[in-house]
2 protein chains.
Amino acid sequence: MTKTNAQPKASISDKLVYTFGDGAAEGKADMKNLLGGKGANLAEMCSLGLPVPPGFTITTDVCVSYYANGKQLPELLTNQIEDAIAYIESKTGAKFGDGSNPLLVSVRSGARASMPGMMDTVLNLGLNDTTVQALAKKTGNERFAYDSYRRFIQMYSDVVLELDHYHFEEMLEEKKRDRDIELDTDLNAEDLKDLITQYKDKVKQELGKPFPESVHEQLWGAVMAVFNSWMNDRAIYYRRLHDIPESWGTAVTVQSMVFGNMGDDCATGVAFTRNPSTGEHKYYGEFLINAQGEDVVAGIRTPLPLDDMPKSMPVVYKQLTAVFDKLEAHYKDIQDIEFTIQNEKLWMLQTRNGKRTAAAAIKIAVDMVGEKLIDKKAAIKRIDPLSLDQLLHPTLDPKAPKTILTTGLPASPGAASGKVVFTAEDAETMALTHKEKVILVRIETSPEDIHGMHAAQGILTARGGMTSHAAVVARGMGKPCVSGAGELRIDYAAKTLKVGGHTVKEGDIMTINGSTGEVMLGEIPTVQPKLSDDFETLMGWADEVRKLNVRANAETPLDAAVARKFGAEGIGLCRTEHMFFDAERIIAMREMIVAEKVEGRKAALAKLLPMQRNDFIELFRIMSGLPVTIRLLDPPLHEFLPHTEEDIKQVAKAAGVSVDAVRHRAHELKEQNPMLGHRGCRLGITYPEIYEMQAQAIFEAAAAIIKEGKENVIPEIMVPLVMMPKELDILKALIDKTAADVMKKSGVTITYKVGTMIELPRAALRASEIAESAEFFSFGTNDLTQTTLGISRDDSASFIEVYKQRGIVEQDPFVSLDVIGVGELIHIATKRGRATRADLKIGICGEHGGDPASIRFCHEAGLDYVSCSPYRVPVARLAAAQAAI
Amino acid sequence: MTKTNAQPKASISDKLVYTFGDGAAEGKADMKNLLGGKGANLAEMCSLGLPVPPGFTITTDVCVSYYANGKQLPELLTNQIEDAIAYIESKTGAKFGDGSNPLLVSVRSGARASMPGMMDTVLNLGLNDTTVQALAKKTGNERFAYDSYRRFIQMYSDVVLELDHYHFEEMLEEKKRDRDIELDTDLNAEDLKDLITQYKDKVKQELGKPFPESVHEQLWGAVMAVFNSWMNDRAIYYRRLHDIPESWGTAVTVQSMVFGNMGDDCATGVAFTRNPSTGEHKYYGEFLINAQGEDVVAGIRTPLPLDDMPKSMPVVYKQLTAVFDKLEAHYKDIQDIEFTIQNEKLWMLQTRNGKRTAAAAIKIAVDMVGEKLIDKKAAIKRIDPLSLDQLLHPTLDPKAPKTILTTGLPASPGAASGKVVFTAEDAETMALTHKEKVILVRIETSPEDIHGMHAAQGILTARGGMTSHAAVVARGMGKPCVSGAGELRIDYAAKTLKVGGHTVKEGDIMTINGSTGEVMLGEIPTVQPKLSDDFETLMGWADEVRKLNVRANAETPLDAAVARKFGAEGIGLCRTEHMFFDAERIIAMREMIVAEKVEGRKAALAKLLPMQRNDFIELFRIMSGLPVTIRLLDPPLHEFLPHTEEDIKQVAKAAGVSVDAVRHRAHELKEQNPMLGHRGCRLGITYPEIYEMQAQAIFEAAAAIIKEGKENVIPEIMVPLVMMPKELDILKALIDKTAADVMKKSGVTITYKVGTMIELPRAALRASEIAESAEFFSFGTNDLTQTTLGISRDDSASFIEVYKQRGIVEQDPFVSLDVIGVGELIHIATKRGRATRADLKIGICGEHGGDPASIRFCHEAGLDYVSCSPYRVPVARLAAAQAAI
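A few points on the structure. Residue positions are given per chain, counted from 1 along the sequence in the order it is written. The lettering of chains begins at A and the numbering of ligands begins at 1, in the order of writing. For this predicted model, a pLDDT threshold of at least 70 governs which residues receive local features, and a threshold of 80 or more governs which side-chain atom pairs are given and counted, while totals over whole chains, interfaces and linings are taken from all residues. Each side-chain value is derived from all of the structure's non-hydrogen atoms; neither hydrogens nor water enter the calculation.

It is worth spelling out the overall build of chain A at this point. Where helices and strands are cited, they refer to DSSP runs of H or I of at least four residues and of E of at least two residues respectively, numbered from the N terminus. Per the secondary structure count, chain A includes 34 helices and 34 strands. Structurally, chain A occupies a C-alpha span of about 105 × 70 × 60 Å along its principal axes. Here chain A holds 885 residues, and 59% of them are scored as buried. Contacts between residues were defined by any pair of non-hydrogen atoms, one from each residue, lying within 4.5 Å. Partitioning the intrachain contacts of chain A with sequence separation of at least 6 by distance along the chain shows that 68% fall at a separation of at least 24. Here chain A holds 102 positive side-chain charges and 121 negative ones, and the gap between their average locations is 5 Å. A 1.4 Å probe rolled over the protein chains alone gives each residue an accessible area, and that area as a share of the maximum for its type sets the label: buried under 20%, exposed over 50%, partly exposed in between. Two residue types count as positive, namely Lys and Arg, and two as negative, namely Asp and Glu; His and chain ends fall outside the count. Taken as the charge location is NZ of Lys, CZ of Arg, CG of Asp or CD of Glu.

Rendered as structure tokens:
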């Protein structure tokens, strides 16, 4: 029989509650995992001697245990909360539920990572029919007391009792109508008392029991409600979006209330210690006089800029900015702060590292090095490499109005607008002949569409994931792409797309945002990126520390030039097949494919030879002095075959065969699983004349440049999809012979390397034998992931989301390398390859070459370089530096 | 720069020549690798004191060195051959090239493995214008001497001088016409002298130089010619067919001539020590009086059965049978012998282990154990497991005449005749309604064709390899199949196939031979197999020694019953998807697939549940007391979807959706690489209700049988295509819960196991975690080969043959396991899996489970069982026994 497989009960430490207040705290800033960001930072601020209302934090362990035990809170918690309430009472002098000096508290969530607004909060807890009177008396402000009570009942009923808040809003509105007033603040104490009665009646009516008068019952209800809100839909969605594990749980912070709404010597506000948008070193924030935090959020009154504060509250302002400086000096980072001023006394309610734009992040990091707050390494670590994407691509003007039709996957960042076209041919015609900007819309793209993709401003597909053909090629080109917009109904025949109620025709203008996946009607203005001096400074620091070289995947002169501009140290992957889709070449290519005999193929290849040679001459010039890794033909031949009637005729004519023969050949070449088919070096073995032509073009290009003597050429010829060591032996012999022939004929000596992709598990396992012929390895992690995991990246969209939701995979393995599966094969191949050839150069050239987590793995695995799309080069440089620190 | 990669020169021992003769020899039987089969056995016979004409053997090393050094023979050879000739001279008293007592020799090839007729031979070497006269004088038979000389010139010119033999045959025919005679033997000495003059003139005219008079020049020419014939087209083709490595090379044996054609007291013959066709223990052979060996081959005269010899040559017959007995006692195997009788003296020219049919092999092995010649283990080792296939399937009557249309791949053994049909539906209609025997002819088959394949006698496809869908399914069903008959032009619309000049229409009768790949017109009579008592005896011995259990891949009651009859010890793979193609079920299955919501899917699954339950009840009964491993749904859903207009309508109606919705769903499910797509346990994760239904059917079936109390049920539930340990954790929980529910409801305790296929490299690597949930592993070596090597078995045909020819792979990796690639993953998974769970049961259930070499690997890897198609079970039992010895 099978053993049980239930989750083990979470084990939990005995200390469940951490108090803070009055210059001391049980917690500190580095206890975020246990206390959440909010709780840890409140504790830290206390220890720093800053004015923080006393309180306590219930640990995330309690949350984890709560869910592991069928929503039961641990027994130990009861006493610890009682003790902690007593602690607050001792610090404040107020008593919880007391009829003369009642303690009021807030109950807030706080996870390890910030999840703003996703979970629940209860304020003013501790009020009931008795304590409200005491509060009125103590503050001498009856209206304030009853308004607080009304707010509390409304919030508590919503959050804890799960009564829809519209019940209470209706009553509030009616009361205002009755009294013929507009603002809540115009309601007087009597109005509020009446409303409170109505509220409580409503609660009783809806729930069949009265609103809890017991402050302890209130507290427990609120704590449970916050824990429950960890699993509400908003929170789940937010976590999925930001890759926050469910297993972390949230902490709960209970803190004595302070009030910004007790009069005009009160206020509440939020502030950043620097400008989070630009990074400028200047305080930045806003505040509201006589208001509670929720009023700022509600947007009923417009807050004032922080710059106005010196006028209205000069003393507190001075205290506040002193706190800013102290916090920044302490945390050594921009702080995002919440504060409340109660009767001219400043209270700090929150501090955390401020979220900022990529541009701001760079400026702040570089500035802080200048200010000697942090060192260069800290500055490097501070920048999320992926955020650089924002800086490298044009972005939509955030202020422009938009009509969003649908949202697909953010497949290649940047924004683009243009006229909609539905075929690659139309894209080319419109773009090249009519000089129009176009958006190419396809159900999915294939290599035949590449010329159209080149011509287009951006690409939109209905199918395919983040690593679909469209996505990969678009990223390589640095063109915006939205893929997998599944709601689109594309009708090629009618040249329309339908989505929502809209029908978009060919020629209509659309805008796509490849950074968010949004698809919009009409043209939305964009903002061009500027790379700041700070950016260059930071990248320079990154280059100083990183160990990995960074190369680019590029084949066009444009891509190569962009890559070099972004700091690429060579080309790690030049996909020669992309060179065959040009109108003139595709015919020769197809002629080659339909030829029945080797002579026919050679005749067609002879036409391609001079074109390929010129391609390489251009690339070598641009990359002068840097290595250029050229992959020989990789995709199966059927990818090049024509589909339209007219194209088939044209090929038949060019090849001098019948239309039927072309069709027959196409049928013959059709494959069930082309990814595992007749491709890669299998083509080189079965049609050696193809690889021979390519090698000849490479060496002749190199010879031509070397003869000129101006530029330095370092070709590295890469054989794809090796599975058996002998494949490489045979093809290396062919390449070496071709090189020898060219060198003899041209009288020029060419220094070159021959190596292989490691993209099949068998190649990784047999690496020691493969390294006998290979002078370098390049891990093709796209294919290696496909084969190791048995997932076709084109087909994974249908289940990979479910896999992420169910926690089966943490990340799409085509986005971030599966380091314990695919990664083990990389370790094996690296070890075995270097055992045979100690100076074996090893890199990766899959999509993962631009992913920071994967780059960290490559660094740790001892690779020599990563290669990524040109626009990812700065990302990779930075990520490589972070990995090295 | 790159290092050179040339083949290292073969190193070679100093001793290149081994002599034998007159009761002594330098070689012996176990030196086949060095001396070839012929040379080694001649040496052995000498040592046994048998009458063997003296001679010597030039080693295979010389051949290898010859090719490694640009067809140069090693210098050492010259002296060694001279010494060896002197040795023969000393033994025979004759002298090479001598004018009075000339030594004549034969020069023959002899490789490690027998390659009959593939390489060249020269007889009567040593004759020239001088020695022929001496031979005439010595033998007193001028006609014999000149006939020998004529034959020698003709043979030598053909083999060594490469002159087409038709030149000489023409002259011979003309001479016979001139002399008005029919038989060569009627030519007299003068005729022959004249012919010899003509022959020599012809040689001089064609080559510009005379026929060599020097006997040493003759000898070196013949030796080189034999070495050259190692690389002739016939030999290359034969080696490829029989997997004989080119690297072995051939030996050359030079032996003094003896003559069976010197008069009526001379003869030549071939014999087997037992009947090679039936195994009967009785001498078997034929002989010709006054003839040379080549006359027997030429077929001009009909040889006499050996049984006639006692009458004509009683003394020699007695000597001969004594030699037979001595050789059999010595070699302990049936011997295939060549002999010559010269003037009543018996000479042995060859002995080797006789080729025999599978039936004979078994009878001989079992008899020899009875005769105490060999022990049981030797008997087991003696049978080629694959040869058993001959015994298990009906075979074509070898005597029947045939018109062979084309030859495809021998995909599933056995022969079948029937009316040609081109669709699965037609196959079913013709077979079930009209009770016709049909051959299903398809370009390729898909799972939808399975019902048609079941209905057909045999399957013929134009595309697909030895492990294509058609091949795999047919082997599973034990049905003959010829796949990949690429010359067929199938026109589904016209319902015809064209091949060669023939057009075959629907309803025409064809015969296929799945053991040879032949496709024939009309009905060829077949012979039904009978399994002998000897077969059962031998299999019993095999069962005693083997360590591996043998199970079968089966899902139908018929297959399961066949498997059990053939000795299967359970079912290792029950592919549940095969159960869904039945007409009634496929509709419910499709209804399930097109359902938009889980409720719709559950409704459709509820219809399938009782049918699945009955399937399992039947299987469990047949396999009572034995484990039955049931794999949950594996193929992608689109394999089940309808293609015809009518089927689409039917599904739309059944599911209550529009035809467009069905089409949309089909489009949605279409995949680029279905092998790597949404299949296996990915279906179980995304549509848990499917696996739940299947688990419920299994457990309810088990409960029903257990309640009856007559049979014993051991279900093992297998989750396919696991890539992440958590997949299995989730699905095991689902299965365990379903089991608990059924047990609770039925009040019956069911003992079961849950395990997984290991068919992805990642699963092999993460086996230690997977084994935390898995109670058994079954290596799905088809998929594991596909992913490890990155080859789709459906698409490999286009290049795998070239790979075999170029020596990149030795064997199709789908036929015989890639033991150093895929095999390493199996070792890793076995080690890691057992480290977690010491009693983990491990088997394989790919196609390799029936391949002897793969079975040997499984034994060595410490697996518990192999599972193969029912008709392969005896093959696997025997191979497992051989592996254990």
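Quick reminder: α-helices carry 3.6 residues per turn. Residues three or four places apart thus point the same way. Residue and element names in this part refer to chain A. Take the residue count of a helix, subtract one, and multiply by 1.5 Å to get its expected span. If you check helix α34 (residues 873–884), its first and last C-alpha atoms are 16 Å apart, about what 12 residues at 1.5 Å a residue would give, namely 16 Å. Among the residues of α34, those classed as buried are V873, P874, V875, A876, R877, L878, A879, A880, A881 and A883. Buried residues in α34 make contact with α14 (376–382), α15 (389–392), α19 (533–545), β27 (549–553), α33 (852–860) and β34 (865–868).

Time to look at the relation of the copies chain B and chain A. In screw terms, the move from chain B to chain A is a rotation of 179° and a rise of 0.2 Å along the axis, fitting with an RMSD of 0.3 Å. The operation mapping one copy onto its partner corresponds to a two-fold rotation axis. When the interface residues of chain B are mapped onto chain A, 100% of them again fall at the interface, so both copies present the same face. Each copy is superposed on the other by least squares, with the fit set by C-alpha atoms of residues at a pLDDT of at least 70 in both.

This next bit is on unusual backbone geometry. Across the chain, the bulk of peptide bonds are trans and the bulk of non-glycine residues have phi less than zero. Of note, the phi angle at D180 of chain A is positive, near 60°, even though the residue is not glycine. Its place among the elements puts D180 of chain A in the loop between α6 (166–179) and α7 (189–207). Non-glycine residue E162 of chain B carries a positive phi angle of around 60°. Mapped onto the fold, E162 of chain B is located in the loop between α5 (142–159) and α6 (166–179).

By a frequent convention, interface size equals the accessible area lost on bringing the separate parts together. Taken residue by residue, the interface counts 68 residues in chain B and 68 residues in chain A. Summed over both partners, the accessible area lost on bringing two parts together, with a 1.4 Å probe, is the buried area. Taking both sides of the interface into account, the surface hidden between chain B and chain A amounts to around 6000 Å²; carbon and sulfur atoms contribute 55%. A carboxyl oxygen of Asp or Glu within 4 Å of a side-chain nitrogen of Lys or Arg is what we treat as a salt bridge. Connecting chain B to chain A are four salt bridges. Salt-bridge contacts for R832 of chain A lead to E824 of chain B; the nearest nitrogen and oxygen are separated by 2.6 Å. Polar contacts, as used here, are pairs of N or O atoms within 3.5 Å; protein pairs need one atom able to donate a hydrogen and one able to accept it. Residues neighboring in sequence count only if both atoms are side-chain atoms. Linking chain B to chain A there are 30 residue pairs in polar contact (both at pLDDT 80 or more).

Another point: the packing of helix α21 (residues 583–594) of chain B against helix α22 (residues 598–622) of chain B. Residue and element names in this part refer to chain B. Two elements in contact, α21 and α22, have axes separated by 8 Å at closest approach and are oriented at 145°. Considering the relative orientation of α21 and α22, their crossing is left-handed. On α22, the residues touching E584, R585, A588, M589, E591 and M592 of α21 are R601, A604, L605, K607, L608, M611 and D615. Class assignment for the residues of the contact of α21 with α22 results in seven nonpolar, no polar and six charged. Helix axes are fitted only over the stretch in contact, all axes being lines through C-alpha atoms; the angle between N-to-C directions runs from 0 to 180 degrees. Whether a crossing is left-handed or right-handed is set by the direction in which the near helix is turned from the far one by less than a right angle, anticlockwise for left-handed and clockwise for right-handed. When residue character is reported, Ala, Val, Leu, Ile, Met, Phe, Trp, Tyr, Cys and Pro are called nonpolar, Asp, Glu, Lys and Arg charged, and the others, Gly included, polar.

With that settled, the discussion passes to the pairing of strand β10 (residues 284–289) of chain B. Following DSSP output, two strands are said to pair if at least two bridges run between them. Note that strand β9 (residues 267–272) of chain B and β10 of chain B share six bridges and pair antiparallel. Note on β10 of chain B: the bridge partner recorded for V270 of chain B is E286 of chain B.

Given two aromatic rings, their pairing is described by the distance between the two centres and the angle made by the two planes. Residues and elements named next belong to chain A. Only Phe, Tyr and Trp rings are paired, with Trp represented by its six-membered ring, and only when their centres lie within 6.5 Å; those with planes under 30 degrees apart are stacked, over 60 edge-to-face, the remainder tilted. This structure, assessed with the given rule, holds 30 aromatic pairs over all chains. Through a chain of ring-to-ring contacts, three or more aromatic side chains come together here, namely Y66, Y67 and F227. Charge over a ring is defined by NZ of Lys or CZ of Arg lying within 6 Å of the ring centre and within 35 degrees of the ring normal. If you follow K193 out to its NZ or CZ, it ends over the ring of Y146, 5.0 Å from the centre.

Moving on: the packing of helix α23 (residues 645–655) of chain B against helix α24 (residues 659–669) of chain B. Residues and elements named next belong to chain B. Across the interface, α23 lies against α24 with an axial gap of 8 Å and an inter-helix angle of 110°. Comparing the axis directions of α23 and α24 gives the class roughly perpendicular. Along the contact surface, α23 presents E645, I648, K649, V651 and A652, while α24 presents V659, V662 and R663. Of the residues that constitute the contact of α23 with α24, the class distribution is five nonpolar, no polar and three charged. Angular relationships are summarised with four words: roughly parallel below 35 degrees, roughly antiparallel beyond 145, roughly perpendicular across 65 to 115, and oblique for the angles in between.

Bringing helix α24 (residues 659–669) of chain A into the picture now. Residue and element names in this part refer to chain A. Along α24, the residues that are buried comprise V662, R665 and L669. Buried positions in α24, seen along its axis, are confined to an arc of 65° and lie on one side of it. In this fold, the buried residues of α24 make contact with α21 (583–594) and α23 (645–655). This arc is taken over the directions from the axis of the helix to the C-beta atoms.

Let us now look at the nonpolar core. One finds F620 of chain A together with F620 of chain B to be the most contacted residues of the largest nonpolar core, which totals 321 residues. Aside from chain neighbours lying at most four places away, what touches F620 of chain B is V628, I630, I698, A701, A702, I705, V713 and P715 of chain B. In plain words, nonpolar cores are sets of buried Ala, Val, Leu, Ile, Met, Phe, Trp, Tyr and Cys residues tied together by side-chain atoms within 4.5 Å.

For the structure on display, the rule yields 108 salt bridges over all chains. Between K176 of chain B and E173 of chain B there is a salt bridge, and its shortest N-O distance comes to 3.4 Å. A residue pair is termed a helical-turn pair when its members lie 3 or 4 positions apart in one helix, as K176 of chain B and E173 of chain B do in helix α6 at three residues. Residue class for E173 of chain B comes out partly exposed when judged on its relative accessible area of 37%. A salt bridge links E506 of chain B to K495 of chain B, with the shortest nitrogen-to-oxygen separation between them at 3.6 Å. Here the residue E506 of chain B occupies a position in the loop between β23 (502–505) and β24 (509–513), and K495 of chain B occupies one in the loop between β21 (489–491) and β22 (496–499), the gap between them amounting to 11 residues. Judged by relative accessible area, K495 of chain B falls into the partly exposed class, the value being 25%. Linked by salt bridges that have partners in common, E577, R631, D634, R679 and D783 of chain A make up one network.

For the rest of this paragraph, the subject is the environment of T407 of chain A. Residues and elements named next belong to chain A. By secondary structure assignment, the location of T407 is in strand β15 (residues 404–407). Accessibility expressed as a relative area gives 47% for T407, which makes it partly exposed. C-alpha separation for the pair T407 and V519, spaced 112 residues apart in sequence, amounts to 5.8 Å. Excluding its chain neighbours within four sequence positions, the residues that come into contact with T407 are T516, G517 and E518.

Attention now goes to the sheet that holds strand β25 (residues 518–521) of chain A. Residue and element names in this part refer to chain A. Taken together, the eight strands give an open sheet; going across it, the order is β15-β25-β24-β17-β18-β19-β20-β16, and neighbouring strands pair in mixed fashion. For this open sheet the edge positions go to β15 and β16 (409–412), each flanked by a neighbour on one side alone. Averaged over all pairs of adjacent strands, the angle between strand axes in this sheet comes to 30°, irrespective of strand direction. Across three bridges, the pairing between β15 and β25 is antiparallel. When the bridges of β25 are listed, T407 appears paired with E518.

Residue and element names in this part refer to chain A. Secondary-structure assignment places S816 in the loop between α31 (797–805) and α32 (822–836). Exposure remark for S816: the relative accessible area of 12% places this residue in the buried category. Polar side-chain contacts of S816 include one of 2.8 Å to the side chain of D851.

Residue and element names in this part refer to chain A. Inspection of the secondary structure puts P394 in the loop between α15 and β14 (395–396). Taking the relative accessible area as the measure of exposure, P394 reaches 23% and is therefore partly exposed. In this structure the C-alpha to C-alpha distance between P394 and G414, which are 20 residues apart in sequence, comes to 5.3 Å.

What follows concerns the pairing of strand β30 (residues 714–719) of chain B. Residue and element names in this part refer to chain B. Most of β30 is tucked away, with five of its six residues classed as buried. With five bridges joining them, strand β29 (residues 627–631) and β30 adopt parallel strand pairing. In the sheet register, R631 faces β30, and the bridge partner there is M718. Inspection of the sheet shows β30 paired to strand β31 (residues 753–758) by four bridges, in the parallel sense. Counted as the bridge partner of E716 is K753 from β31. We call a crossover right-handed when, viewed with both strands directed away from the observer, the connection leading from the first strand over the helix to the second proceeds clockwise. Once you follow β30 into helix α27 (residues 725–746) and on to β31, the crossover reads as right-handed.

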